[in-house]
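So you can see what is in the structure, the chains are spelled out below.
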Amino acid sequence: MMLRSVVSSKLPQISRLSLRVPAIQYSAAASIPAPNTQPEVHFNKIFINNEWHDAVSKKTFPTVNPSTAEVICQVAEGDKADVDKAVNAAKQAFRLGSPWRRMDASHRGLLLNRLADLIERDSAYLATLETLDNGKPYTISYSVDLPLVVKCLRYYAGWADKNHGKTIPIDGDYFCYTRHEPVGVCGQIIPWNFPLLMQAWKLGPALATGNTVVMKVAEQTPLTALYVASLIKEAGFPEGVVNIVPGYGHTAGAAISSHMDIDKVAFTGSTEVGQLIQQAASRNLKKVTLELGGKSPNIILSDANLEDAVEQAHFALFFNQGQCCCAGSRTYVQEDVYNEFVERSVERAKKRVVGDPFSLQTEQGPQVDEDQFKKVLGYINAGKRDGAKLMCGGGVAADRGYFIQPTIFGEVKDNMTIAREEIFGPVMQILKFKTLEEVIERGNDTQYGLAAAVFTRDIDKAHYISAALRAGTVWVNCYNVCGVQAPFGGYKASGNGREFGEYGLEAYTEVKTVTIKVPPKPTGS
């Protein structure tokens, strides 16, 4: 998935930190507080009805620090029995006449704003916990992810009392209007690459529109979501409105997807798992929104500002350790600037600072866990085996933890495994093209359609290519610009539905038509 946001001149110290994240606007404070590299874990149980519970089975699972491969703590392992408890709590919170159902829409917005305030209050702690559990650089956790979480919740707080219906002049002596009503109990399954952000993306529109939630958080990164659960209670949300179950996909996630008392399911993750969720959800025809994988083309035309294009393409691929669903993972470069682009890109990748994510100098931390670490190394081996030219990197970057060198392949062909499959790691593939028609055809020749980009000084070419590419988002002369006000989602196997913006409310809303017989229209005297 995502993101670009917030690193601008507002934080002059960013340049001193050598982050080299171009044109990002950090909207946080004037300085980044020093991280506590060993934050205390306050919550590691299941959150149901505003209370903490052990798993029904009493099972736990370890959550691991990817920088050291050491266990941080044990976390309650929710499964079907716990999902059933959470769904029952959510159903009770959604019952007709409940405090949540009777609450004014404006007050729902007030609660979301309170939650945003509490997250902002605890941003430094949440950023350290996110970095500990996920491995992303603390500078990014604090200055990018946390401000975006707060912005998302505040944005949807504003929508709480503005998502309304219409009056419709149907024929005859009738008064007709529509109501926008909540769907009901919503199951939400979030990924590990942006744990706090994905939680906010899901909770914001669901709660603004009056739904109740059962959320399954990723087993790799459960800790920040559970801390936010404590803030949800502190903010004053009624019991059962938000319930959070840590656990595995094949147990807790599967139980949510197939549950007959869940009215809607939202999932962010791989296309393969998304397909399983859609099949399971068909049992009761629940609403489904899926934000899935991508293999996004990033097209560099020969007339582009090459210096900027190199930096932007580097950011498009390597941001968040390459663990973005919308990463620019197929970099197409026009042939007359191809060699220079590759040379400059290799030079930039070799300068990328990989290491301790709590260091303020670090640009790239570890992959999230051992499985992802091995998967990415496997794709690097596949690139070598298929005949791509390894330009830099290609190996392990540290003696412990799950660190991988920034890797670039040149001379990549469209039929190679690394050009077809989502790698989800710091592995850049650079491909050569001649004409616009050729690169459009090749860019669209994928099962995915999440995002794309084009770099050019020619506005006509920019419009032509952006219209021709089959992707939910197209960036021109930028990358990973995701504002909460604008919709985000994919074509084809990259999913269905949209998150963010007014569009993000639709999947959490049922439209009811009410028609009332009224006296005949006045005829006059």
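All of these numbers come straight from a predicted model, not from anything done at the bench. (Residues numbered from 1 in each chain as written. Predicted model: local features only at pLDDT ≥ 70, side-chain atom pairs only at ≥ 80, totals over all residues. Heavy atoms only, no water.)

A. Quick look at the overall build of the protein. A count of helical and extended segments in the protein gives 17 helices and 20 strands. Judged by the C-alpha coordinates and their principal axes, the protein covers about 80 × 65 × 45 Å. Within the protein, the fraction of its 525 residues that count as buried is 59%. Pairs at least 24 residues apart make up 73% of the contacts formed inside the protein by residues separated by at least 6 positions. In the form shown here, the protein has an accessible surface area of approximately 20700 Å², with 49% of it arising from carbon and sulfur atoms. Across the protein, the mean location of the 55 positive side-chain charges is 3 Å away from that of the 56 negative side-chain charges. (Helix = DSSP H or I, 4+ residues; strand = E, 2+ residues; numbered from the N terminus. Buried < 20%, exposed > 50% of the residue type's maximum accessible area, 1.4 Å probe, protein only. Contact = heavy atoms within 4.5 Å. Areas by Shrake-Rupley, 256 points an atom, 1.4 Å probe, with all protein chains shown as cover. Lys, Arg positive; Asp, Glu negative; His and termini not counted. Charge placed at Lys NZ, Arg CZ, Asp CG, Glu CD.)

B. Quick look at the packing of aromatic side chains. This structure, assessed with the given rule, holds 17 aromatic pairs. For the ring pair Phe43 and Tyr227, a centre distance of 5.9 Å and an interplane angle of 50° mean the geometry is tilted. Residue Phe43 is found in the loop between helix 1 (13–16) and strand 1 (46–48), and its partner Tyr227 is found in helix 8 (residues 223–235); the two are separated by 184 residues along the sequence. On the accessibility criterion, Phe43 (22% relative accessible area) is partly exposed. Each ring, one from Tyr138 and one from Phe358, has its centre 6.4 Å from the other, and the planes form 35°; the classification is tilted. Remark: Phe358 occurs in the loop between helix 12 (335–351) and helix 13 (370–386) and Tyr138 occurs in helix 6 (residues 138–159); sequence separation between them is 220 residues. (Phe/Tyr/Trp six-rings, centres within 6.5 Å; stacked < 30°, edge-to-face > 60°.)

C. Main features of the pairing of strand 3 (residues 60–65). Residue alternation in strand 3 divides its side chains into a buried set, Phe61, Thr63 and Asn65, and an unburied set, Thr60, Pro62 and Val64. The sheet contact formed by strand 3 and strand 4 (residues 70–76) spans six bridges and is antiparallel. When the sheet's bridge partners are listed, Thr60 is paired in strand 4 with Ala76. Connecting strand 3 to the next strand, strand 4, in antiparallel fashion are four residues, including Ala69 with a positive phi near 65°. (Pairing = 2+ DSSP bridges.)

D. Here's a closer look at the nonpolar core. Leu115, Ile119, Tyr156, Leu207, Phe237 and Phe341 are the most contacted members of the largest nonpolar core, which totals 107 residues. A per-element tally of this core places helix 6 first, with 14 residues. The residues contacting Phe341, other than those within four sequence positions of it, are Ile300, Leu306, Ala309, Val310, Ala313, Thr331, Val333, Met428 and Ile430. Of all hydrophobic cores here, the second largest spans 28 residues; its members include Tyr402, Phe409, Leu431 and Phe433. (Core = buried A, V, L, I, M, F, W, Y, C linked by side-chain atoms within 4.5 Å.)

E. Representation of the pattern of salt bridges in the model. For the structure on display, the rule yields 23 salt bridges. Where Asp84 meets Lys80, a salt bridge forms, and the shortest distance between an N and an O atom there is 3.1 Å. Linking Asp84 with Lys80, this pair stays in helix 2 (residues 80–94), spanning four residues, or about one helical turn. With relative accessibility at 24%, the residue Asp84 sits in the partly exposed group. (Salt bridge = Lys/Arg side-chain N within 4 Å of Asp/Glu carboxyl O.)

F. Helix 6, seen in detail. Its 22 residues place the ends of helix 6 31 Å apart at the C-alpha level, agreeing with the 32 Å of an ideal helix rising 1.5 Å per residue. Along its length, helix 6 shows its largest kink, about 30°, at Asp145, and proline Pro147 lies within four residues downstream of that point. Within helix 6, 19 of the 22 residues are buried, which leaves the element mostly enclosed by the surrounding structure. (Expected span 1.5 Å × (residues − 1). Bend = angle between axes of the 7 residues up to and from the residue.)

G. Quick look at unusual backbone geometry. The backbone of Leu285 shows a phi angle near 55°, a positive value even though the residue is not glycine. On the secondary structure map, Leu285 appears in the loop between helix 10 (271–281) and strand 11 (287–291). Although it is not a glycine, Phe424 sits at a positive phi angle of roughly 60°. For Phe424, the location among the structural elements is in the loop between helix 14 (417–420) and strand 16 (427–433). You can call Phe424 buried: its relative accessible area is 14%.

H. Focus on the sheet that holds strand 20 (residues 509–517). Ordered in space as 5-6-20, the three strands form an open sheet in which the pairing is antiparallel. The sheet terminates laterally at strand 5 (167–168) and strand 20, the two strands that pair on one side only. In the sheet, strand 6 (residues 174–182) pairs with strand 20 via nine bridges, with the strands oriented antiparallel. Its bridge partner lying in strand 20, Arg179 is registered against Lys512.

I. Representation of the packing of helix 11 (residues 306–318) against helix 12 in the model. One way to put it is that helix 11 packs onto helix 12 with a least axis distance of 10 Å and a crossing angle of 55°. Between helix 11 and helix 12, the interaxial angle falls into the category oblique. Remark: the crossing between helix 11 and helix 12 carries right-handed chirality. On helix 12, the residues touching Leu306, Glu307, Ala309, Val310, Glu311, Ala313 and His314 of helix 11 are Val337, Glu340, Phe341, Arg344, Ser345, Arg348 and Ala349. Partitioning the contact of helix 11 with helix 12 into residue classes produces seven nonpolar, two polar and five charged. (Axes fitted to C-alpha atoms, helices over the stretch in contact; angles between N-to-C directions. Parallel < 35°, antiparallel > 145°, perpendicular 65-115°, else oblique. Left-handed = near helix turned anticlockwise from the far one by under 90°. Nonpolar A, V, L, I, M, F, W, Y, C, P; charged D, E, K, R; others polar.)

J. Inspection of the sheet that holds strand 12 (residues 297–300) at higher detail. Taken together, seven strands build an open sheet; the order of strands is 14-15-16-13-12-17-18 and the sheet is mixed. In the strand order of this sheet, the two ends are held by strand 14 (389–392) and strand 18 (473–476), each with one partner. On average, each strand axis in the sheet is inclined to that of its neighbour by 25°, with strand direction left out of account. The pairing of strand 12 with strand 17 (residues 451–455) spans three bridges and is classified as parallel. Within the sheet, the bridge partner assigned to Ile300 lies in strand 17 and is Phe455.

K. The packing of helix 6 against helix 7 (residues 195–208), seen in detail. Following both chains from N to C, one finds helix 6 and helix 7 inclined at 5°, their axes separated by 8 Å at the closest point. One finds that helix 6 runs roughly parallel with respect to helix 7. Residue-level contacts link Asp145, Leu146, Leu148, Val149, Cys152, Leu153 and Tyr156 of helix 6 to Leu196, Leu197, Ala200, Trp201, Gly204, Pro205 and Ala208 of helix 7.

L. Quick peek at a nonpolar patch on the surface. Taken together, the side chains of Ile168, Ile170 and Tyr174 present a nonpolar region at the surface, about 240 Å² in accessible area. Among the structural elements, Ile168 can be located in strand 5. (Patch = residues over 30% accessible without salt bridge, like charges linked within 9 Å, V, L, I, M, F, W, Y side chains within 5 Å.)

M. Here's a closer look at the confidence of the model for the protein. Residue-level pLDDT values for the protein average 94, and 94% of them are 70 or greater. Under a pLDDT of 50 for its full length, residues 1–30 has, in the predicted model, 102 contacts with residues more than four places off or in other chains. (pLDDT = per-residue confidence, 0-100.)

N. Broad picture of helix 9 (residues 249–258). By the burial criterion, the buried members of helix 9 are Ala252, Gly253, Ala255, Ile256, Ser257 and Ser258. Where helix 9 is buried, its residues contact helix 2, strand 7 (185–189), strand 8 (212–217), strand 9 (242–246), strand 10 (264–268) and helix 10.

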